[in-house]
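Geometric and topological summary
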Amino acid sequence: MRRLLLLVLGLVLLHEGRCFEFVIDGEWENEATHVHDRQERHKRAILTSEEQEDFEAIRGDDITVKSYKVESRITSRFAHTTVRSSVVNSGSKAQSIGFNVQIPKRAFITNFTMNVNGITFVGSVKEKTVARNLYAQARARGKAAGIVRANSLDLETFKTEVHVPPGSNIEFELHYQELMQRKLGFYEHSLYLQPGRLVPQFQADVYIYEPKGISKVETPDTLGEKFINAIKVTSSKDKAHIVFKPNLQQQKKCDNCTDSAIDGPFTVRYDVNRDDRIGELQVSDGHFVHFFAPSGLSPLPKNIVFVIDVSGSMWGVKMKQTVEAMKAILDDLTFDDHFSIVDFNHNVRCWSEDLVPGSSIQIADAKNYVQNIKPNGGTNINEALMRAVQMLVKASNQGLIDSRSVSMIILVSDGDPTVGEIKLSTIQKNVKRVMREEYSLFSLGIGFDVDYDFLERIAMENRGMAQRIYANHDAADQLRAFYSQVSSPLMRQITVQFPEDTVSDVTQNSFDKYFSGSEIVVAGKVLPSDSNTLTSFTTGTAARLDLTVHTESDLSELDQELAKQQHSFTGFAKQLWAYITVKQLISERSLATTAAKKRKITQRIMALAVEHQFVTPLTAMLVESEDGTERLLADFPKDPKHGCCSGIGGGGPASSNLAPVRVVYQPPPWVQMTTAATPSEAAKGPEEHAVPQQINLVDNDPHFIVHLRGSDTHVCFNIDSKVGHILNLVSDPGTGLVVNGQLIGAKRMKKGKQNTYFGTISVYYQPDGVSVTISTDSININDGTNNQTFTWGATADIAQDGVRISIVRNSHVNVVINNNIQVMVLLHRVWKKNPISVDFLGIYIPNDNQYSPLAHGLIGQFNRDPELNVYDMHQGVDPLKPEATMEVKGNTLQVTRGWQKDYRLDNKRGSNIYCWFVHNSGKGFIDGHYTDYIVPNLNSFLHTH
């Protein structure tokens, strides 16, 4: 089967008849041919450096390029780019003028228009068969056209060529769209500028609008130092404008040169503001997009088997750069990681038959082994991959693999199999059969001799991804860059869910892994609803943590904001959803096991691509004059040298089934619902849990309220301690629980006194070594090895061993120990410009917590009710506050009847709790003196004599 390798678009204007003639070279792909089992492998063309250097945006002799302008509008990571050029044939003869644009491979062309001497050609995307039939009508009259898709790194080249008489004016305009992928903490948008000549009006504009705000924006020096002053960056909280506008003198290679120095990518790199865990849910134009990129989590341990092709074709630069990259990658391993190396040609060898820890000794030995590899022989990919899987299975069966670790195989190869099993479909089935659900396969294809489609299929089918490594570039850097993207897994088994009947047509929402610096993106349609908000629930597991994050978005707020933004891409959410859906369907199509499934997926792709005007492998753009008499065809032939697409998100789907998971969120099992929850109620999460009626609490400055169950009486006291002191609230060596609070002070004194409040509360559970430290700024969870920080901006549920933490956004944190001890910490926010008050915390502890008999502390000691007798109640100095005598713990105290506030149900006003107030910092009611309860640090148990 021959594929369309080169299509040249020629447009010839005949002087006499004023008609156009198009010429095409090449053959269309025969889609009925099954390509998986080709026995004869045709060699892939290798782009030479000369071919790459030969690229020019505008081609032709004796032409004047009046303008060349590129504009990108980026809204919420989705970019719409327009390339425009105006050209005049200034020569004395008719000639061909070319318009070439290098675009990212992940982009979809959405439109192309051309105006030649007042005749306008307008593009429209149609199903490939429809477009070809219309095109064939023109071709039957000797008219034809085409498009070139050439490989060069991560680019493809759109090429057109028009033959025009002298004095002709030609205007070209190309549009394409792409979703930017976050890699290593940045979104990177590149415009490839190679005009090949000086241009009087040369300008590139990038407009960015990010609703959550832009955290950083930069323009790396990709074009050379001389252009630094030609780049201007203007940014605000949520917008940025980057303009590159070199004048003619700046464009010159030298002062007296006529050649352009502009040759390369103009790159903009940025990132957005985000809460560490919450994710970002955006709703616009009836569609939603959910972005999830948690940070601050401890990396999960890795189990890696490196499978390296050492066949004869790897000899020379390929092997040298692979060794260089492997040595750097091995240095990145930690002692918590386990690894081994399989190298293969016609035979398969193992550096170690078992996975070993990443100790300095093992790493040094592995680097020495790799250094001494001498490539030769054939390529036995099948056996090498079987051996790698066996290693992981063996380690798992022996219990050597942490249940929360990430297991992966990284395959590096430059050729097709020549030894052993050489049938690609059989190798694919073999790998699928032995790979466990928790393992991932990442495929790196070096050069163009390898069947990249095959490498991509086995990666996608096994929860991984593939990447081409270009041998005529710095392969070592490319290998290291790829590894850095997967070297720090932070989460596993991530699922983004929505309440029932709120969304439809959801893209892939279950992901096997999330890697640091990347991003998971889920999109869909919003169903009509009476609610004005949409809620998502993201669940996953991290290092010793099980996590659920709740995210909300207003249904109309973003559209109102987009209407105000002059350069925003207002239809971004709808196009972004379609873009992701089409990309995923193309991936699913390549893995379809039956012809019927493939046909069904094909129909969906074509329908979406036509509706949203994407030029895909299954659609074509018909470019025709306004009167319909002249037609061109911009096709997207499948290119055997690269796969169709890679998965959206952190690490591929959780399984080969890409159908979205429809799960109604249910609250965690430790949450006690007040009533049986309906699905819509359950989706609201743990904020619906029942609040214990009888509690001990500390709030305000700080007021202690203790409920004595035996007499059903509330007793109150204040503690007037110093700023910085840490007070023990509960100390229970029997259960291993300690709760402490650290005091902060008001901004200034009031009536000669500085009020103190709790600014930090710590709940430490010694058996699991888990400490939950809650401040007015964040919630920190530490298990002695891993440290995780959450903000108050997220509603989330976290399970860490026997400790469960429920955060309700900007409201409270609930900590549950072994399902029988509960501590709730309430956040009080004050006006930032308040001259006196500060943000502070309140703490609420139920009476029915199951402590051991050893429990003590300012609150813990009242787990055992003291005998209480209140008598001789009489009117006090304040008529509204009666006084009485209290007998407790052998002491006789004078107490005052008053009220304090319980803020659990009303954070602003609170509800009144009437209590007997004990003066002098609780003297006589608490054991000993309040200073006995001051401890040295937040995790200290109370020292008892």
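Bear in mind the structure is a predicted one, so any value in this text is a computation, not a measurement.

What follows deals with the confidence of the model for the chain. Detailed conclusions should not be drawn from predicted coordinates in areas where pLDDT is low. Here the chain averages 83 in pLDDT, while 85% of its residues score no lower than 70. The least confident element of the chain is strand β2 (residues 20–23), whose mean pLDDT is 30; the most confident is strand β30 (residues 520–526), at 97. Counting interchain partners and residues more than four positions distant, the pLDDT-below-50 stretch residues 1–53 has 127 contacts. Contacts from residues 637–691, a stretch scored under 50 in pLDDT, to residues over four places away or in other chains number 146 contacts.

This paragraph deals with the pairing of β30. The element β30 is extensively covered by neighbouring structure, given that 6 of its 7 residues are classed as buried. With 6 bridges connecting them, strand β19 (residues 287–292) and β30 associate as antiparallel partners. Among the inter-strand pairings, V289 is bridged to a residue of β30, identified as A523. Both strand β28 (residues 503–504) and β30 contribute to a ladder of 2 bridges, which runs antiparallel. For V503, the partnering residue across the bridge sits in β30 and is V526.

Take the sheet that holds β30 next. Strand pairing within a sheet occurs via backbone hydrogen bonds; the two strands may be parallel or antiparallel. In spatial order, the strands read β18-β19-β30-β28; together these 4 strands make up an open sheet with antiparallel pairing. Since the sheet does not close on itself, it has two edges, and those belong to β18 (280–284) and β28, each with one partner.

Time to look at helix α6 (residues 381–397). Here α6 is 17 residues long and its end C-alpha atoms lie 24 Å apart, about the 24 Å a rise of 1.5 Å per residue gives. Along α6, the residues that are buried comprise I381, N382, A384, L385, M386, A388, V389, M391, L392, V393 and A395.

Here we take up the packing of aromatic side chains. Overall, the coordinates contain 23 aromatic pairs when judged by the stated rule. Measuring from ring centre to ring centre gives 5.6 Å for F78 and Y579, while their planes differ by 75°; the resulting arrangement is edge-to-face. Of the two residues, F78 sits in strand β5 (residues 78–89) while Y579 sits in helix α11 (residues 572–590), which places them 501 residues apart along the sequence. Where F99 meets F172, the ring centres are 4.6 Å apart and the plane angle is 0°; that geometry is what we call stacked.

This brings us to the side chain of T502. Topologically, T502 is positioned in the loop between β27 (489–497) and β28. Given the relative accessible area of 16%, T502 is considered buried. Engagement of the side chain of T502 in a polar contact is seen with the backbone oxygen of P499, the distance being 2.6 Å. Not counting the four nearest positions on each side in its chain, T502 is found in contact with K525, V526, L527 and L534.

Summarising the element assignment, E56 is placed in the loop between α1 (49–53) and β3 (58–59). Linking E56 and P195, residues 139 residues apart in sequence, is a C-alpha distance of 5.5 Å.

A side chain with one charge may pair with a side chain of the opposite charge, provided their charged atoms come close. Considering all chains together, one arrives at 27 salt bridges under this definition. Close ionic contact of R387 with E383 constitutes a salt bridge, the shortest N to O distance being 3.5 Å. Taken together, the positions of R387 and E383, both in helix α6 and 4 residues apart, correspond to about one turn of that helix. In this structure E383 comes out as partly exposed when scored by relative accessible area, which is 35%. A network of salt bridges, in which partner residues are shared, links R77, R182, E210, D271, R274, E280 and E519.

Across all of its chains, the model carries 2 disulfides by this definition. With a sulfur-sulfur separation of 1.7 Å, C254 is cross-linked through a disulfide to C257. Its S-S torsion of about 85° marks the bond between C254 and C257 as right-handed, since a negative value means left-handed. Covalently, C716 is tied to C915 through a disulfide, its sulfur atoms 1.7 Å apart. Because the sign of the S-S torsion sets the handedness, a value of about -120° for the bond joining C716 and C915 places this disulfide among the left-handed ones. Of this pair, C716 sits in strand β37 (residues 713–718) while C915 sits in strand β52 (residues 911–918), and the two are 199 residues apart along the sequence. Taking relative accessible area as the criterion, C716 reaches 1% and is therefore assigned buried. Within the chain, bonded cysteines paired by disulfides and numbered along the sequence follow the pattern 1-2, 3-4.

The phi dihedral of L184 is positive, around 55°, even though this residue is not glycine. With respect to the secondary-structure elements, L184 resides in the loop between β11 (182–183) and β12 (186–193). Of the residues examined, L184 reaches a relative accessible area of 49% and is grouped as partly exposed. Although it is not a glycine, D872 sits at a positive phi angle of roughly 55°.

So, on to the nonpolar core. If you look at the biggest cluster of nonpolar residues, it comprises 84 residues, and the most contacted ones within it are F288 and F925. If sequence neighbours within four positions are ignored, F288 has contacts with L281, Q282, V283, F498, V503, V506, V522, A523, G524, K525, V526 and L534. Core analysis: the next-biggest nonpolar cluster, separate from the first, contains 53 residues, Y68, V87, F121 and V164 among them.

Attention now moves to the environment of A543. Tracing the backbone shows A543 in the loop between β31 (533–542) and β32 (545–554). The class of A543 is buried, set by a relative accessible area of 6%. Note: C-alpha distance between A543 and Q788 (245 residues apart in sequence) is 9.1 Å.

Right, let's talk about helix α8 (residues 452–460) for a bit. Burial analysis of α8 places 9 of its 9 residues in the buried class, the great majority of the element. For α8, the complete set of buried residues consists of Y452, D453, F454, L455, E456, R457, I458, A459 and M460. The inward-facing, buried residues of α8 contact α6, β24 (406–413), α7 (424–434), β25 (439–446), β26 (466–469) and α11. The opening residue of α8 is D451, an N-cap whose side-chain oxygen sits 3.2 Å from the backbone nitrogen of D453.

Moving on: the environment of K600. Positionally, K600 belongs in helix α12 (residues 595–612). Distance in space between the C-alpha atoms of K600 and R589 is 9.0 Å, their sequence separation being 11 residues.

If you walk across this open sheet you meet the 4 strands as β11-β12-β17-β14, and the pairing is antiparallel. The open sheet is flanked by β11 and β14 (214–218), the only strands paired with a single partner.

Scoring rules and cut-offs
- Residues numbered from 1 in each chain as written.
- Predicted model: local features only at pLDDT ≥ 70, side-chain atom pairs only at ≥ 80, totals over all residues.
- Heavy atoms only, no water.
- pLDDT = per-residue confidence, 0-100.
- Helix = DSSP H or I, 4+ residues; strand = E, 2+ residues; numbered from the N terminus.
- Contact = heavy atoms within 4.5 Å.
- Buried < 20%, exposed > 50% of the residue type's maximum accessible area, 1.4 Å probe, protein only.
- Pairing = 2+ DSSP bridges.
- Expected span 1.5 Å × (residues − 1).
- Phe/Tyr/Trp six-rings, centres within 6.5 Å; stacked < 30°, edge-to-face > 60°.
- Polar contact = N/O pair within 3.5 Å; in protein donor to acceptor, adjacent residues only side chain to side chain.
- Salt bridge = Lys/Arg side-chain N within 4 Å of Asp/Glu carboxyl O.
- Disulfide = S-S within 2.5 Å.
- Core = buried A, V, L, I, M, F, W, Y, C linked by side-chain atoms within 4.5 Å.

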